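Each chain, letter by letter, is given below.
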Amino acid sequence: MNAPLKALKEMQRLTSPFPESVAVKEWKATGRFVIGWFNPYIPEEIIHAAGMLPFEVTGDNEPVQMQGAEAHIYSNSCSKIRTCWQLQLDGKYNFLDGYVSSHMCDQDMRLFEVWSYYKKLPYMELIYAPRKRDEVGVQLYLKDLEVFRSRLSEYLICRIPDQHVENSIKVYNRGRELMQQLYELRKRDRPPVNGAEAVEVSKAAARMPRERFNELMEQLLAEIKTTGREIKKARRLMVIGSDLHNANQMVALESLDAVVVVDEMDIGIRRAWGQVDTKLPPMEALARYYVLGRPVDKHNWNSDGRLEFIGDMAEQYKVDGIVSENVRFCTYLGWDKFDLKKQMQERGIPMLQIDLEYGHPAGAQMKIRAEAFMEMLESRVAIPAATV
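Residues numbered from 1 in each chain as written. Predicted model: local features only at pLDDT ≥ 70, side-chain atom pairs only at ≥ 80, totals over all residues. Heavy atoms only, no water.

**Details of the nonpolar core**
Convention followed: Residues belong to a common nonpolar core when they are buried Ala, Val, Leu, Ile, Met, Phe, Trp, Tyr or Cys residues joined through side-chain atoms within 4.5 Å. With a 1.4 Å probe rolled over the protein chains alone, any residue whose accessible area is under 20% of its type maximum counts as buried; one over 50% counts as exposed, and the rest are partly exposed. Numbering of helices and strands runs from the N terminus; a helix is a DSSP stretch of H or I covering at least four residues, while a strand is a stretch of E covering at least two. Only heavy atoms enter the contact rule, under which two residues are in contact if any of them lie within 4.5 Å.
Among the nonpolar cores identified, the biggest contains 51 residues, and Tyr99, Leu111 and Trp115 are the most heavily contacted of them. Take this core: its biggest share by element is 6 residues, from helix H15 (residues 364-379). Other than its neighbours up to four places away in sequence, Leu111 contacts Phe38, Ile81, Cys84, Trp85 and Tyr99. By size, the runner-up hydrophobic cluster in this structure holds 42 residues, among which are Leu185, Val261, Val262 and Ala272.

**Looking at the sheet that holds strand E3 (residues 98-102)**
Neighbouring strands of a sheet are bound in pairs by backbone hydrogen bonds; such pairs are parallel or else antiparallel. Rules: One requirement defines pairing of two strands: DSSP has to find at least two bridges between them. Inter-axis angles, ranging from 0 to 180 degrees, are taken between N-to-C directions of lines fitted to C-alpha atoms, where helices are fitted over the stretch in contact.
Read from one edge to the other, the open sheet built from 4 strands follows the order E2-E1-E3-E4, with strand pairing classed as parallel. Pairing within the sheet leaves two strands with one partner each, and these edge strands are strand E2 (53-56) and strand E4 (123-127). Put simply, the sheet's adjacent strands are angled 25° from each other on average, direction ignored. With 5 bridges connecting them, E3 and E4 associate as parallel partners. Note that in E4 the partner of Ser101 across the bridge is Leu126. Seen against the sheet, helix H5 (residues 106-118) touches E3 and E4 and runs at an angle of roughly 155° to E3. Helix H6 (residues 135-156) rests against E3 and E4 of the sheet, and its axis sits at about 175° to E4.

**Examining the pairing of strand E6 (residues 258-264)**
This is how it is decided: Handedness is read with the strands pointing away from the viewer; a crossover is right-handed when the path from the first strand over the helix to the second is clockwise.
With 7 of 7 residues buried, E6 lies mostly within the body of the structure. Direction of pairing for strand E5 (residues 235-241) relative to E6: parallel, over a ladder of 6 bridges. Considered in E6, the bridge of Leu237 is made with Val260. In terms of handedness, the path from E5 via helix H10 (residues 247-254) over to E6 forms a crossover that is right-handed.

**As for the pattern of salt bridges**
Condition: Definition used for salt bridges: Asp or Glu carboxyl oxygen within 4 Å of a side-chain nitrogen of Lys or Arg.
Under the counting rule described, the total for this entry stands at 32 salt bridges. With a shortest N-O distance of 2.8 Å, Glu264 and Arg306 are connected by a salt bridge. A residue pair is termed long-range when its members are at least 10 positions apart, and Glu264 in strand E6 and Arg306 in helix H13 (residues 304-316) qualify at 42 residues. For Glu264, a relative accessible area of 2% translates into the label buried.

**Brief notes about the packing of helix H1 (residues 6-14) against helix H8 (residues 195-205)**
Our working definition: When describing relative orientation, an angle under 35 degrees is termed roughly parallel and one over 145 degrees roughly antiparallel, while 65 to 115 degrees is termed roughly perpendicular and anything else oblique. It is the rotation of the near helix from the far one that decides the hand of a crossing: anticlockwise by less than a right angle makes it left-handed, clockwise makes it right-handed.
Viewed as axis vectors pointing N to C, H1 and H8 meet at an angle of 50°, and their least axial separation amounts to 10 Å. By the criterion of interaxial angle, the relationship of H1 to H8 is oblique. Both H1 and H8 take part in a crossing whose hand is left-handed. For the pair formed by H1 and H8, the contact residues are Leu8, Met11 and Gln12 on the first element and Glu197, Glu200, Val201 and Ala204 on the second.

**Remarks on the sheet that holds E6**
Across the sheet, 4 strands lie side by side as E6-E5-E7-E8; this open sheet has parallel pairing. This sheet does not close on itself; its edge strands, each paired only once, are E6 and strand E8 (351-356). Between one strand axis and the next, the sheet turns through 25° on average, direction left out of account. Relative to E8, strand E7 (residues 321-327) runs parallel, the two being bridged by 6 bridges.

Quick look at the structure:
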């Protein structure tokens with residue numbers, strides 16, 4: 001039996017209780033600001049360079065009753081949006097000094113609008129999220145990042161200099177490097193961590209000071225090396241689609257003699273991917289990284305690149321099957337469903353497609369379908385890909 005990872009336990013201690021955790025309270029006790037951010041087009045480096053704590057606004061491992069949120073946001077809206085708004089209505093995010101989002105989708109915009117109207121914070125900002133991965137997109141995004149830096153500097157009453165941004169880029173690059181090392185270790189036949197543990201690591205990265213996170217990541221990798229930790233499961237899975245912040249959903253999958261070895265989530269592999277180019281001017285480097293330097297995501301114009309990336313990762317990590325989980329009413333992921341199924345069939349990769357509510361535990365229906373999928377994987381010899 002593998003012992004719990006001490007470094008991971010410390011990450012969980014510092015980021016508990018959610019969301020106003022030990023790490024947040026320690027930060028606020030020194031008189032420093034916490035800026036909430038939502039969706040992956042918000043460069044944490046700029047907030048960090050301002051001497052503030054970037055904190056990702058999400059749900060967590062406990063489901064949230066959303067009756068209050070549905071008075072302001074339609075019930076057929078993304079349940080992640082409704083969850084985050086309910087947490088704010090419940091006062092869970094009262095510790096935030098500001099909130100930053102982007103035009104990534106209409107529902108992100110709706111969350112920003114109701115937050116601005118009903119619970120306006122001292123600092124609030126919207127950033128442009130380019131749809132195309134090209135030079136025009138980089139330049140448009142760069143202009144908005146400069147406006148973001150200027151307005152955040154006004155709130156801080158102090159200009160955020162390039163040198164501070166450069167230093168923050170180095171800190172975050174180191175974090176990405178360490179997380180990528182963990183992903184590389186998961187390619188092993190017997191990976192050292194399971195999917196639920198990897199989700200907890202990635203959540204911690206966005207909920208605590210990044211310098212402390214980097215220290216704990218170094219300790220975690222050292223622990224893995226010295227203990228020879230191995231996860232022994234029969235099947236290797238990849239999870240794709242909507243972000244999973246409720247690690248219990250991953251636990252439910254892995255209870256079926258399977259281990260999640262890789263993902264295609266903003267909270268997961270994209271957070272660990274690549275490096276910001278330190279040879280470029282820092283703001284341009286950030287713009288190029290966030291537009292061009294990460295795998296294609298669900299909101300980019302050419303979603304075929306995303307599907308190719310999924311197939312490539314599935315082959316590199318030698319997965320037996322893919323679980324595609326889609327938070328209900330996420331339009332972007334809904335558009336990709338048919339092309340995704342076709343491409344995975346062509347690669348001979350079995351796939352299970354599941355629609356679920358964000359943050360809710362795996363119900364009986366999901367468990368039954370997952371069990372059937374595992375049985376199919378066990379009996380599969382050389383049959384075409386299928387969706388249960």
